[in-house]
Amino acid sequence: MSLLLSAGLLTGTNLFFLWRVARCADCIHPYGFPFAFFMTGGFAGIREIHGVNLVLDLLVLLVIAVIVSSAWKRFSRNRAGGL
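Residues numbered from 1 in each chain as written. Predicted model: local features only at pLDDT ≥ 70, side-chain atom pairs only at ≥ 80, totals over all residues. Heavy atoms only, no water.

Draft legend 1. Up close: the overall build of the protein chain. Tallying secondary structure elements over the protein chain gives 2 helices and 3 strands in all. Tracing the protein chain from N to C terminus, the helices and strands come up as α-β-β-β-α. Each of the 83 residues in the protein chain was classed as buried or not, and the buried ones make up 16%. Here the contacts in the protein chain between residues at least 6 apart in sequence split such that 25% fall between residues at least 24 apart. Surface exposure of the protein chain reaches about 6400 Å², of which carbon and sulfur atoms provide 71%. (Helix = DSSP H or I, 4+ residues; strand = E, 2+ residues; numbered from the N terminus. Buried < 20%, exposed > 50% of the residue type's maximum accessible area, 1.4 Å probe, protein only. Contact = heavy atoms within 4.5 Å. Areas by Shrake-Rupley, 256 points an atom, 1.4 Å probe, with all protein chains shown as cover.)

Below you can see the structure in the form of structure tokens.
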């Protein structure tokens, strides 16, 4: 559940950055949150994929999933009377 929740949160954030409107013709637009793993733009038509940043994004996803899972377990344990 926590992996799905954190994946949904980061996917939504990444889609927000992906669907933004270009402000100029020669700007370079980074995509990805928290690390920019894809860049497009410029007059020459730059398209770069940064594999290291993509892996770091996936690691952040797993770390957020672990944090949400541990918080959920702690919260549900307190609600159940401390069992």
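There's more to say after this.
Draft legend 2. Layout of a nonpolar patch on the surface. On the surface, Leu3, Phe35, Val52, Val55, Leu56, Leu59 and Leu62 cluster together to form a nonpolar patch covering roughly 610 Å² of accessible area. For the nonpolar patch, the element with the most residues is helix α2 (residues 51–79), which contributes 5 residues. Looking at where Leu59 falls in the secondary structure, it is placed in helix α2. (Patch = residues over 30% accessible without salt bridge, like charges linked within 9 Å, V, L, I, M, F, W, Y side chains within 5 Å. Salt bridge = Lys/Arg side-chain N within 4 Å of Asp/Glu carboxyl O.)

Draft legend 3. Main features of the environment of Gly51. Among the secondary structure elements, Gly51 is positioned in helix α2. C-alpha of Gly51 to C-alpha of Phe38: the two residues are 13 residues apart in sequence and 8.8 Å apart in space.

Draft legend 4. Region of the structure containing the confidence of the model for the protein chain. Across the protein chain, pLDDT averages 81, with 89% of residues at or above 70. Strand β3 (residues 46–49) holds the highest mean pLDDT among the elements of the protein chain, 86, whereas helix α1 (residues 2–18) holds the lowest, 78. (pLDDT = per-residue confidence, 0-100.)

Draft legend 5. Quick peek at the pairing of strand β1 (residues 28–31). Residues His29 and Tyr31 line the buried face of β1, whereas the alternating positions Ile28 and Pro30 sit on a face that is not buried. Note: β1 against strand β2 (residues 38–41), 4 bridges, orientation antiparallel. Paired with Tyr31 across the strands is Phe38, a residue of β2. Joining the antiparallel neighbours β1 and β2 is a turn of 6 residues, in which Gly32 adopts a positive phi near 125°. (Pairing = 2+ DSSP bridges.)

Draft legend 6. Broad picture of the state of the cysteines. Evaluation of the coordinates by the stated rule reveals 1 disulfide. Each disulfide pairs two cysteine sulfurs, and for Cys24 the partner residue is Cys27, the sulfurs being separated by 1.4 Å. Between Cys24 and Cys27 the sulfur-sulfur dihedral comes to about 125°; the bridge is accordingly right-handed. Classification of Cys24 by relative accessible area gives partly exposed; the value is 26%. (Disulfide = S-S within 2.5 Å.)

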